[in-house]
Amino acid sequence: MPRTRKKKIPVTNTDKASSSSTPTSSRTVIRRFHVLLKKQGQLKNASSANAEALGEIEREIDELGGLAAYQRMSSIGQGNDRGGGSEKVLIQWLIDMGLWKREAKGKLRLLEVGALKPDNYRTCISWIDNTPMDLRSRHPSIVEQDFLLMDEDENRGKWDIISLSLVVNFVPNPRDRGRMLCLAHSMLAPDGLLFLALPLPCVENSRYLTFDNLQSLMNVLGFTEVQRKWRKGGKMAYWLYRKIESDHKSLDEYRKKTVCRQGDRNNFAILLP
């Protein structure tokens, strides 16, 4: 007897970005989106795409509410009642470095990739000139743009700071994640700063990536670590890197997956193109 597939009930079937969603439910939806988008990207890149499997994934993404629902959940997670967004970490680091004392130097040019709100840096308007950007803009002040499709020559050395907060992990393809970091290096001004924020399990519990591996990868790309913040049992990890000259080591070892740890791990990886 053929098995009937029970129709899933949409987790988010409303346009209201209500903050009544619990942190647990928000994280559950966001994690599910990450899984589905990764599978979607893998199937689209496969030489023999399985149309039926791809259709199932796209239907579930629609049932979850699509990209708009993901953005709502992420935005709710950045609310003041949830501890605010990761920009608070970056702002404090910049203040600690004395970069708020710009005087005649002009404002710091910040490119905020994956911005869900247009005013995350409103308290720093006197010393930060922020350009918020996202794949799908939720506000007229947020530029709708795919970072990976930006004109590299036009943006070469243009930005003092680039923020990739919960962006790299949202990219389905590991090589595109590496390309994103390469583009960030190219687009930063000399001594520019890269702010990177990832879910802690991407590094702490990955089969292919550890803290040491990530540091080596960033050094090869031409970044030196300035700040790092995470705690055991926490959910997030934050880094601040400064652009330097690449150490010119061979990139080959960073172009393929290498198992770092065995056991029950996730498959998050960053590979160079």
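How each quantity is defined
Along each chain, residues carry numbers from 1 onward, in the same order as the chain's sequence is written. Reporting in this predicted model follows two pLDDT cut-offs: at least 70 for local features of residues, and 80 or more for side-chain atom pairs to be given and counted; totals over whole chains, interfaces and linings ignore these cut-offs and use all residues. Only hydrogens and water are removed before side-chain values are computed, so all heavy atoms of the structure are retained for them. Secondary structure elements are taken from DSSP: a helix is a run of H or I of four residues or more, a strand is a run of E of two residues or more, and numbering for both begins at the N terminus. For each residue, the accessible area found with a 1.4 Å probe, counting protein chains only, is set against the maximum for its type, and the residue is called buried under 20%, exposed over 50%, and partly exposed in between. For the purpose of counting charges, residues Lys and Arg are taken to be positive, whereas Asp and Glu are taken to be negative. His and the chain ends are not included. Counted as salt bridges are all cases of a side-chain nitrogen of Lys or Arg within 4 Å of a carboxyl oxygen of Asp or Glu. The definition of a polar contact used here is a pair of N or O atoms within 3.5 Å, where within protein one atom must be able to donate a hydrogen and the other to accept one, and adjacent residues in sequence count solely through side-chain atom pairs. Residues count as neighbours in contact if any of their non-hydrogen atoms are within 4.5 Å of one another. In this description, strands pair whenever DSSP reports at least two bridges between them. Between N-to-C directions, angles cover 0 to 180 degrees, with each direction set by a line fitted to C-alpha atoms, over the stretch in contact for helices. Each nonpolar core is a collection of buried residues, namely Ala, Val, Leu, Ile, Met, Phe, Trp, Tyr and Cys, held together in the definition by side-chain atoms within 4.5 Å. Centres within 6.5 Å are what make two rings of Phe, Tyr or Trp a pair, Trp counting through its six-membered ring; a difference in plane orientation under 30 degrees is then read as stacked, over 60 as edge-to-face, and the rest as tilted. UniProt positions are given in the numbering used here, feature names are shortened, and annotations may be inferred rather than shown by experiment. Between the first and last residue of a helix there are one fewer steps than residues, each counted as 1.5 Å, and that sum is the expected span. Working rule for angles: under 35 degrees goes down as roughly parallel, over 145 as roughly antiparallel, 65 to 115 as roughly perpendicular, anything else as oblique. Two helices that cross are described as forming a left-handed crossing if the nearer one is turned anticlockwise from the farther one by less than a right angle, and a right-handed crossing if clockwise. Three classes are used: nonpolar for Ala, Val, Leu, Ile, Met, Phe, Trp, Tyr, Cys and Pro, charged for Asp, Glu, Lys and Arg, and polar for all others, with Gly counted as polar.

**Q** Would you take a moment to explain the side chain of Arg-177 for this structure?
**A** With respect to the helices, strands and loops of the structure, Arg-177 is situated in helix 6 (residues 174-187). Notably, Arg-177 is buried but unbridged: the nearest opposite-charge side chain belongs to Asp-176, and the N-O separation is 8.5 Å. Looking at Arg-177, its side chain comes within polar contact range of the main-chain oxygen of Val-171, at 2.8 Å. When neighbours within four sequence positions are excluded, Arg-177 is seen to be in contact with Val-168, Asn-169, Val-171, Pro-172, Phe-268, Ala-269 and Ile-270.

**Q** Please explain the sheet that holds strand 3 (residues 143-144) as it appears in this structure.
**A** Strands belonging to one sheet form pairs held by backbone hydrogen bonds; the direction of such a pair is parallel or antiparallel. On the basis of which strands lie adjacent, the open sheet formed by seven strands has the order 3-2-1-4-5-7-6 and mixed pairing. Only two strands of the sheet have a single partner each, and these edge strands are strand 3 and strand 6 (223-229). Each of strand 2 (128-134), strand 4 (159-165), strand 5 (188-199), strand 6 and strand 7 (236-243) is contacted by helix 4 (residues 87-96), which is oriented at about 40° to strand 7, the strand it contacts most. Sheet strands in contact with helix 8 (residues 211-221) are strand 5, strand 6 and strand 7, and its direction is about 145° off that of strand 6.

**Q** Quick question: what am I supposed to make of the nonpolar core here?
**A** Grouped burial of nonpolar side chains is what soluble globular proteins tend to show. The biggest cluster of nonpolar side chains holds 39 residues, and the ones touching the most others in it are Phe-147, Ile-162, Leu-164, Val-168, Leu-181, Leu-194 and Trp-239. Listed by contribution, the elements that provide at least two residues to this core are strand 1 (108-113), strand 4, helix 6, strand 5, helix 7 (201-204), helix 8 and strand 7. In terms of residue count, the dominant contributor to this core is helix 8 (six residues). Counting 17 residues, the second largest nonpolar core, distinct from the first, contains Trp-127, Ile-161, Leu-193 and Phe-195.

**Q** Is there a simple way to explain the packing of aromatic side chains in this structure?
**A** Aromatic ring pairs are reported here in terms of the distance separating the ring centres and the angle at which the planes meet. Counting across every chain of the model gives five aromatic pairs. Taking 6.1 Å as the distance between ring centres and 75° as the angle between the ring planes, the aromatic pair formed by Trp-93 and Phe-195 counts as edge-to-face. Pair noted here: Trp-93 is in helix 4 and Phe-195 is in strand 5, with a separation of 102 residues, a long-range link. The exposure class assigned to Trp-93 is buried, which follows from its relative accessible area of 8%. Cluster of aromatic residues (ring-pair linked, three or more members): Trp-93, Phe-195 and Tyr-238.

**Q** Quick question: what am I supposed to make of the UniProt feature "binding site: S-adenosyl-L-methionine" (unreviewed entry) in the protein here?
**A** Using the residue numbers shown here, the UniProt feature "binding site: S-adenosyl-L-methionine" (unreviewed entry) corresponds to Gly-114 and Asp-134. The largest pairwise C-alpha distance within this set of annotated residues, which runs over 21 residues, is 4.4 Å, so the set is compact in three dimensions. Looking at the secondary structure, you find Gly-114 in the loop between strand 1 and strand 2. Topologically, Asp-134 is positioned in strand 2.

**Q** Even after reading the chapter, I still don't get helix 2 (residues 51-63), so can you show me in this structure?
**A** Under the 1.5 Å per step criterion, the end-to-end length of helix 2 is 18 Å for 13 residues, consistent within 8% with the ideal 18 Å. Regarding helix 2, the residues found buried are Leu-54, Gly-55, Ile-57, Glu-60, Ile-61 and Glu-63. A positive phi of about 110° marks Gly-65, the residue just after helix 2.

**Q** I tried to follow the environment of Ser-250 on my own but got confused; where do I start?
**A** Relative to the helices and strands, Ser-250 resides in the segment after strand 7. Among the residues examined, Ser-250 registers a relative accessible area of 46% and is labelled partly exposed. Counting along the chain gives 30 residues from Ser-250 to Val-220, while the straight-line C-alpha distance between them is 8.1 Å.

**Q** Which parts of the structure should I look at to understand the packing of helix 6 against helix 8?
**A** Put simply, helix 6 and helix 8 touch, their axes get as near as 10 Å, and they point 45° apart. When the axes of helix 6 and helix 8 are compared, the pair comes out oblique. Relative to helix 8, the crossing made by helix 6 is right-handed. Along its contact with helix 6, which presents Leu-181, Cys-182 and His-185, the element helix 8 presents Leu-217, Met-218 and Leu-221. A breakdown of the residues in the contact of helix 6 with helix 8 according to their chemical character gives five nonpolar, one polar and no charged.

**Q** Can you help me understand helix 6 in this one?
**A** Because each turn of an α-helix spans 3.6 residues, side chains separated by three or four positions in sequence point in the same direction. Here helix 6 is 14 residues long and its end C-alpha atoms lie 20 Å apart, about the 20 Å a rise of 1.5 Å per residue gives. Taken across its 14 residues, helix 6 has 10 buried, putting it largely inside the fold. Buried residues in helix 6 make contact with helix 5 (152-155), strand 4, strand 5, helix 8, strand 6 and strand 7.

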